[in-house]
Amino acid sequence: MKNLFKFILFFTMFLIYGFNSIAAEKSHKLLEPSWSFKGFFGKFDRAQLQRGYQVYTEVCSACHSVKYLSYRNLSQPGGPEFSEQQAKIIASQFEVIDGPNSDGEMFTRPARLSDKFVGSYANEQAATAANGGAYPPDMSVLVKARQGGADYIYSVLMGYEDPPSGITLDDGVYYNKYMPGNSIKMAKPLSAEAVEYADGTDASEKQMAKDVVAFLAWAAEPHLEARHKIGFRAIIYLFIITVLVYFSMKKLWSRIESKV
Amino acid sequence: MSDHEFTPKSKFGKWFNDRLPLLTLRNHLTEYPTPKNLNYWWTFGAILTFCLIAQIITGIILAMHYVATSGLAFESVEHIMRDVNYGWLIRYFHANGSSMFFLAVYIHIFRSLYYGSHKSPRELIWVIGMIIYFLMMMTAFMGYVLPWGQMSFWAATVITNLFSAVPFIGDSITNWLWGGFAVDSPTLTRFYALHYLFPFLILGLVILHIWALHIPGNNNPIGIDLKHPSKDKVPFHPYIVIKDLYALLIFLIIFAFFVFYSPNLLGHPDNYIEANPMVTPNHIVPEWYLLPFYAILRSIPDKLFGVIAMFGSIFVLVILPWLDTSKVRSAIFRPLYKQFYWFLVADVLILGYVGAMPAEGLYLLVARVATAYYFLHFLVILPVLGAKERTLDVPLSLTEPVLEGSPNESTLKEKKEN
Amino acid sequence: MSEDKKTNRRDFIFTASYALGAVGVGAVAWPLIDQMNPDASVKALASTEVDISGVERGQSITVLWRSKPVFIRRRTEEEITKAKKVNLKDLKHPEKDEDRAKNPEWLVMLGVCTHLGCVPLGDKGEYGGWFCPCHGSHYDTSGRIRKGPAPTNMEVPKYEFLNSNTIKIG
């Protein structure tokens, strides 16, 4: 028993340790909306992911790429789950560079399911030049690439406000409550009703922010639902077999214990 | 410990065993007499063996899909996470497996420190163990570079830059390590090759480690020598095997929680940003298991002496059997040492904590004090304790109560009887 | 009596542990094996669309599908007639030409010799079709094996005409 407590103590310290090893300067406590995908039984909300995809396409994709997503991901289980036909149509709206053809030239063709998401810029340098020297980061794993994850991205989207008195920012720089350093070169991207949702949901700023962040969370972790599902089964299995092995061990040791 | 009496049952077994005594080896491992009073801190050897094998298997599988050039490395990891069947599972297993491996090794090392498993006649087991630990750290360091994220790149830059502190030839060494004038694709490919190789070196050393252990046999919580044969020992199979299995299963439950529910908790978000030589992250930190050494390195203001201190902190562990001069093994009978042991544990945890913080202000001061204390513990406190400590009486066997006489006398008596 | 009971209970717990353990080993083994199966990005390329608008009569093109060559030949009337005239009894692997080329003008088949996998050469061989230089297999104008060690005709994959200019293979 004593040893078990010691072990738990160590383990808890170890966890706190782990947490602190990524110590960040938190400017403000982040906004923490409820996410359907958080927690042991977290799942994505299909309709939300589809709305989030719409916000991404209509607002964010002008500057931000998601280069590790493929169009076929849109119809795969665990995601927005558009039908394969819908995903094909979505893909075909974008042009992809292919080639060289038998004449040695590159050509463009409509995207297919097997293609990766097409970005607005040819490369990182073009994206940087077009955005005042600040590269709009690719968002494929952005939710995992920021301390605070989904909460952080949501907070930044909702965190635009007038700078406090005494602080003036250059042109093209905006004040944001949750960005470390409080300045960001992206203008406030979301405004109420910027998008007309296909499913008729009211496109308030908060709604769009939540939806697009959920979409990005899926983009970063497309296998989250499978991971939770398999994890649940694995841990239940481990508990059961641990109990069985424990009793086997007790049975076995009782043979020699009695001889002493 | 001679068990040459073993003869295989089948004719084929005899024929084979005469030419390559694998069956004798199997019999030895099965019958291997193990003290029956071992507590659960002794199960971590088996847990570590599992971790090593698991990392090797998942690592080889990852190697089937990973591409080790700077232009494609990050993308290939995303390919594994998204497209490879169960790739996300194997990758998260391998990444978190590294943390679990180190958690287990620290418990294993601290078990030895508490119960005196590093003392005579087990000094070589300890030294081999330290070499294994060093190789583990190098393997983990190189492995962390492979995903080619921001932390991968900058940790590689910081640590390889340390070698430029060597007088006269420092820059040549660093360029030689890099294969260029900075960390880049050549560095990555060679780290990949070595990351694949080192675990097999570790595997060989683990075999030597276990072999060296089997000569004197296991230590035990009260630290006394057990006679052989002894009714205080049990055959390794099935008694210890099942106990190790039980402990391993508990370990796996904890492991599973990380892999399936918090796979990125122990990592750093910056490593999900592709490596950019033009942009340095605000805080470069290694993985948690390297933090104490990072703290020691940064606590010395001079670059060269910082490196010396960092390697010195490992060296001081290697020579521990000759620093800890007490004749009594187990801390159970060493009340003063026990206190200092827990101070050391606290010191290492503090070092780890400040290692994650910026190296300035109060954090830096604490790091310096903790570093000084670390060396004080090994170089001053241990030898002094060995000479001066009043130890408690050590029992003569697991079941016999302590008879009269000083502890030293009883242990000497044990040695004479053997 | 109680000894028997003891044995039963002891055996049960061990048997149950072993059985559950075997299940666990299997469950762990499967992902380690399945990861070597074609991954999602490879499976996504399982079908290819080919533009055949530039192919003249009597001309062949070769495209890559699932990393293997596919011969697409726009046959001449002569080749079609020759293919249909063949007596099925003369074939090692009897297949009607109509079954191999639904649109008789177009022959689409895997350019892989069914013997040991070499790529046969077009417009060669004694039957006006293909000839495999590796071990001397001769294929006719329908891609059927006529002479040589290959056991079966060149495989016709699943394909369809999306329109008169495009074939989708796979």
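You'll find the structure just up there.
Structural notes, computed from the coordinates. (Residues numbered from 1 in each chain as written. Chains lettered and ligands numbered in written order. Predicted model: local features only at pLDDT ≥ 70, side-chain atom pairs only at ≥ 80, totals over all residues. Heavy atoms only, no water.)

1. Points about the packing of helix α6 (residues 123–145) of chain B against helix α7 (residues 150–161) of chain B
How two helices sit against one another is set out by the angle between their axes and by the gap between those axes. Residues and elements named next belong to chain B. Short version of the rule: Here an angle of 0 to 180 degrees is reported between the N-to-C directions of two axes, which are lines fitted to C-alpha atoms, with helices fitted over the stretch in contact. In this text, helices come from DSSP runs of H or I with a minimum length of four residues, and strands from runs of E with a minimum of two, each type numbered from the N-terminal end. Oblique is the label for any angle not under 35 degrees, not over 145, and not in the 65 to 115 range, which are roughly parallel, roughly antiparallel and roughly perpendicular in turn. Working rule for contacts: check all heavy atoms of both residues, and any pair within 4.5 Å makes them a contact. For this scheme, ten residues count as nonpolar: Ala, Val, Leu, Ile, Met, Phe, Trp, Tyr, Cys and Pro. Four count as charged, namely Asp, Glu, Lys and Arg, and the remainder, Gly too, count as polar.
Viewed as axis vectors pointing N to C, α6 and α7 meet at an angle of 135°, and their least axial separation amounts to 7 Å. Relative to α7, the element α6 lies oblique. Across from F141, Y144 and V145 in α6, the residues of α7 making contact are M151, S152, A155, A156 and I159. Taken together, the residues of the contact of α6 with α7 sort by class into seven nonpolar, one polar and no charged.

2. Digging into the interface of chain B and chain A
Quick note on the threshold: By buried area we mean the combined loss of accessible area, with a 1.4 Å probe, across both parts when two parts are placed together. By salt bridge we mean one thing: a side-chain nitrogen of Lys or Arg within 4 Å of a carboxyl oxygen of Asp or Glu.
On the side of chain A, 53 residues touch chain B, which itself brings 60 residues to the contact. For the pairing of chain B and chain A, the buried interface totals around 5,400 Å² over both sides, and the portion due to carbon and sulfur atoms is 74%. For the pair chain B and chain A, the interface holds two salt bridges. In this structure, E274 of chain B and K67 of chain A form a salt bridge, with 2.9 Å as the shortest nitrogen-oxygen distance. With 18 residues, helix α10 (residues 236–261) of chain B is the single largest residue contributor to the side of chain B that touches chain A.

3. Looking at the pattern of salt bridges
Here the idea is simple: oppositely charged side chains can pair when their charged atoms come close. Quick reminder of the rule: Burial classes follow relative accessibility: with a 1.4 Å probe on protein chains only, a residue under 20% of its type's maximum area counts as buried, one over 50% as exposed, and anything between as partly exposed.
Under the definition given, this model contains 28 salt bridges over all chains. A salt bridge links E81 of chain A to R46 of chain A, with the nearest nitrogen and oxygen atoms 3.2 Å apart. Within this pair, whereas E81 of chain A is found in the loop between α2 (46–60) and α3 (84–92), its partner R46 of chain A is found in helix α2, the two being separated by 35 residues in sequence. Across the salt bridge formed by E79 of chain C and R73 of chain C, the nearest N and O atoms sit 2.8 Å from each other. By the burial criterion, E79 of chain C is buried, and R73 of chain C matches it.

4. Remarks on helix α12 (residues 303–318) of chain B
All names here are of chain B. The criterion, for reference: The span one expects for a helix is its residue count, reduced by one, times 1.5 Å. Two axes enter the definition of the bend at a residue: one is fitted to the seven residues ending there, the other to the seven starting there, and the bend is the angle between them. Polar contact criterion, stated in full: a pair of N or O atoms within 3.5 Å, where within protein one must be able to donate a hydrogen and the other to accept it, and residues adjacent in sequence count only if both atoms are side-chain atoms.
Spanning 16 residues, α12 covers 23 Å between terminal C-alpha atoms, matching the ideal 22 Å at 1.5 Å per step. Approximately 25° is the largest bend angle found in α12, and it occurs at G312. Within the sequence span of α12, burial applies to G306, V307, A309, M310, G312, S313, I314, V316 and L317. For α12, the elements touching its buried residues are α6, α11 (291–299), α13 (320–323) and α15 (361–388). N-capping of α12 is provided by D302, with a side-chain oxygen placed 2.9 Å from the backbone N of L304.

5. Overview of the packing of aromatic side chains
Threshold: Working definition: a ring pair exists when centres of Phe, Tyr or Trp rings (six-membered ring for Trp) sit within 6.5 Å. Plane angles under 30 degrees give stacked, over 60 give edge-to-face, the rest tilted. Think of it as a cone above the ring: NZ of Lys or CZ of Arg counts as a charge over the ring if it is within 6 Å of the ring centre and within 35 degrees of the ring normal.
Taken as a whole, this structure holds 49 aromatic pairs over all chains when the rule is applied. Ring centres of Y40 of chain B and Y246 of chain B lie 5.9 Å apart, and the angle between their planes is 65°; on these two criteria the pair is classed as edge-to-face. Within this pair, whereas Y40 of chain B is found in the loop between β1 (33–35) and α3 (44–63), its partner Y246 of chain B is found in helix α10, the two being separated by 206 residues in sequence. With a centroid separation of 5.8 Å and 65° between ring planes, the pair formed by F141 of chain B and F191 of chain B is classed as edge-to-face. Residue F141 of chain B is located in helix α6, and its partner F191 of chain B is located in helix α9 (residues 185–214); the two are separated by 50 residues in the primary sequence. We note that F141 of chain B, like F191 of chain B, is buried. Taken together, the aromatic side chains of Y53, Y56, Y71, F82, F94, F117, F215 and W218 of chain A make up a single cluster linked through ring pairs. When the ring centre of Y40 of chain B is taken as origin, the NZ or CZ atom of K243 of chain B, which lies over that ring, is 4.8 Å away.

6. Looking at unusual backbone geometry
The omega torsion across G99 of chain A and P100 of chain A is 0°, close enough to zero to call that bond cis. Its place among the elements puts P100 of chain A in the loop between β1 (95–98) and β2 (107–110). At the junction of H237 of chain B and P238 of chain B, the peptide bond is cis and its omega measures out at 0° in the coordinates. Counting through the fold element by element, P238 of chain B comes out in helix α10. A positive phi is found at N182 of chain A, a non-glycine position, where the angle reads about 60°. By secondary structure assignment, the location of N182 of chain A is in the loop between β3 (174–175) and β4 (183–184). The residue S67 of chain C is not glycine, and still its phi comes out positive at about 65°.

7. Description of the side chain of H138 of chain C
All names here are of chain C. Positionally, H138 belongs in strand β7 (residues 137–140). Judged by relative accessible area, which is 8%, H138 ranks as buried. Beyond its immediate stretch of four places on either side in the chain, H138 contacts G125, E126, Y127, W130, F131, R144, I145, R146 and K147.

8. Quick look at the interface of chain B and chain C
Taken together, the contacts link eleven residues of chain B with eleven residues of chain C. Across the interface of chain B and chain C, roughly 960 Å² is buried in total on both sides, 63% from carbon and sulfur atoms. Joining chain B to chain C, the criterion identifies zero salt bridges. Joining chain B to chain C, the criterion identifies five residue pairs in polar contact (both at pLDDT 80 or more). Every element with two or more residues in the side of chain B that touches chain C is listed here: α3 and α5 (87–115) of chain B. Residue composition of the side of chain B that touches chain C, grouped by class: seven nonpolar, three polar and one charged.

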